[in-house]
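Results of the structural survey
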Amino acid sequence: MSEQSPRLREALEGIPVYKPGKPAAVGGPVAYKLSSNENPYPPLPGVLERVTAAAGAFNRYPDLAATELVNELAERFDVPVDHLATGTGSVGVAQQLVQATAGPGDEVLYAWRSFEAYPIITQVSGATSVQVPLTAEDVHDLDAMADAITDRTRLVFVCNPNNPTGTVVRRAALERFLDRVPADVLVVLDEAYREFIRDPEVPDGVRLYRDRPNVCVLRTFSKAYGLAGLRVGFAVAHEPVAAALRKTAVPFGVSQLAQDAAVASLRAEDELLGRVGALVGERARVHAALVEQGWTVPPSQANFVWLRLGDRTGDFAAACERAGVVVRPFAGEGVRISVGEPEANDLFLRAAGEFRATL
Ligand code: PMP
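An account of the accompanying structure is given in this report. (Residues numbered from 1 in each chain as written. Predicted model: local features only at pLDDT ≥ 70, side-chain atom pairs only at ≥ 80, totals over all residues. Heavy atoms only, no water.)

**Thoughts on the site of the ligand**
Where we set the bar: Working definition: residue near molecule or strand if any one of its non-hydrogen atoms lies within 4 Å of it. Pairing of N or O atoms within 3.5 Å defines a polar contact, subject to two protein rules: one partner must be a possible hydrogen donor and the other a possible acceptor, and residues neighboring in sequence count only if both atoms are side-chain atoms. Only runs of H or I of at least four residues qualify as helices and only runs of E of at least two qualify as strands under DSSP, and these elements are numbered from the N terminus. Gly is placed with the polar residues, together with every amino acid not listed as nonpolar (Ala, Val, Leu, Ile, Met, Phe, Trp, Tyr, Cys and Pro) or charged (Asp, Glu, Lys and Arg).
Around the ligand there are 14 residues in total, and S90, Y193, T220, S222 and R231 lie nearest to it. Measuring from an oxygen atom of the ligand, one finds a side-chain N or O atom of T220 at 2.5 Å. Take the shell around the ligand: its biggest share by element is three residues, from helix α3 (residues 89-101). A class-by-class count of the residues in the shell around the ligand yields six nonpolar, five polar and three charged.

See the structure below:
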């Protein structure tokens, strides 16, 4: 047998493997998973029924065009159907956007730290990442990002709210930034956590995209709508960009179960958004309790909070785990803690308080 292995693209060398949030241990002392920004509520009964019915037909391919879902979304957002493209989670759509715009020699620009998939999908495309540090307040530095645009920049991600810090960019700053971006550079407003925003100054990307052909909005059913395991997200973009997304899509990537669950979730939106309201209440409670304990916590508009722990990150995550909650450490930087059910948040707050007392 030959020793030689198949020749792989050099661009793949050194790509960090996407690190999922650690699962909660089964049967062990750890009970709660606050490491992946998931929705802690189980699927709504109506959604579950619809998916169960769809499961009876999974010998068939799904609807390639996700017709029912796309029609529902078009109505919901008051956008033309050809401005919509679905994908395998919004991370799938983000990957398609990079593929469609950037290759070797091109640059993809984003804030850092931000969503950890951005460097991975950029490198897979063979393009170069340009990372602009967050400000001291852990917010996107939009002026520095605009300054970092070159004639090689093809795509800019603006993660709003930002994962993992939960911080937001507001209307005036974002509009000023968009006005500075050349018309041939695509700006992707990643709004995975849109439904958790309560700050009225944070613009809705779907409003911003309408008269800006180079703006694309990413949304997902994984967070507020609680369908993380089914993998469905979508983009709202002008026709050329949406058409490019249809070209770069994995055929039949979004299962019929996912499509049907997404439609059922949109129809059960009142109930789902009620749950989001409860999580937003818990977010306020967690934030206030952490501040009371003496922590500095950036204000979060998402379903998680961020503690910049530096070299104490690993110890803090281990202490949480011993107390029964798995959180998401970013080595040497900080810990992201998803807002979960009240009991999970209580356990976390107790662990955080005890850790604080040792400092
Ligand atoms: N964007 C951001 C900012 C995220 O945090 C996530 C989930 N971690 C995603 C996109 C992708 O989510 P999904 O693929 O499940 O839609």
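**Describing the packing of aromatic side chains**
Applicable threshold: Aromatic rings from Phe, Tyr and Trp, taking only the six-membered ring of Trp, are treated as a pair when their centres fall within 6.5 Å; an angle between ring planes under 30 degrees marks them as stacked, one over 60 as edge-to-face, and anything in between as tilted. For the exposure calls, accessible area comes from a 1.4 Å probe over protein chains only, and a residue counts as buried if that area is under 20% of its type's maximum, exposed if over 50%, partly exposed in between. Here, a charge over a ring is recorded when the distance from Lys NZ or Arg CZ to the ring centre is within 6 Å and its angle to the ring normal is within 35 degrees.
The tally for this structure, following the rule as stated, stands at 14 aromatic pairs. Centre to centre, the rings of F221 and F234 are 5.8 Å apart; their planes meet at 45 degrees, and the pair counts as tilted. Residue F221 is found in the loop between β7 (215-220) and β8 (233-236), and its partner F234 is found in strand β8; the two are separated by 13 residues along the sequence. For the pair F221 and F234, a shared accessibility class is recorded, and that class is buried. Each ring, one from W306 and one from F330, has its centre 5.8 Å from the other, and the planes form 65 degrees; the classification is edge-to-face. With a gap of 24 residues between them, W306 in strand β9 (residues 304-307) and F330 in strand β11 (residues 328-330) connect regions that are remote in the sequence. A relative accessible area of 0% places W306 in the buried class. An aromatic cluster is present here, built from Y110, W112, F115, Y118 and F157 joined pairwise through their rings. Note that R336 overlies the ring of F304, its terminal NZ or CZ placed 5.9 Å from the centroid. Against the face of W295 rests R356, its NZ or CZ located 4.8 Å from the ring centre.

**A closer look at helix α8 (residues 239-248)**
Since the α-helix turns once every 3.6 residues, residues separated by three or four places project in the same direction. Stated precisely, the cut-off is as follows: It is the directions from the helix axis to the C-beta atoms that the arc portrays. By the convention used here, residues are in contact when the closest approach between their heavy atoms is within 4.5 Å.
Those residues of α8 not exposed but buried are V241, A242 and L245. All buried residues of α8 fall inside an arc of 100 degrees around its axis, so they share one side. Structural note: α8 exposes P240 and K247 on the side pointing more than 90 degrees away from its buried face. Where α8 is buried, its residues contact β2 (84-87), α3, β6 (186-190) and β8.

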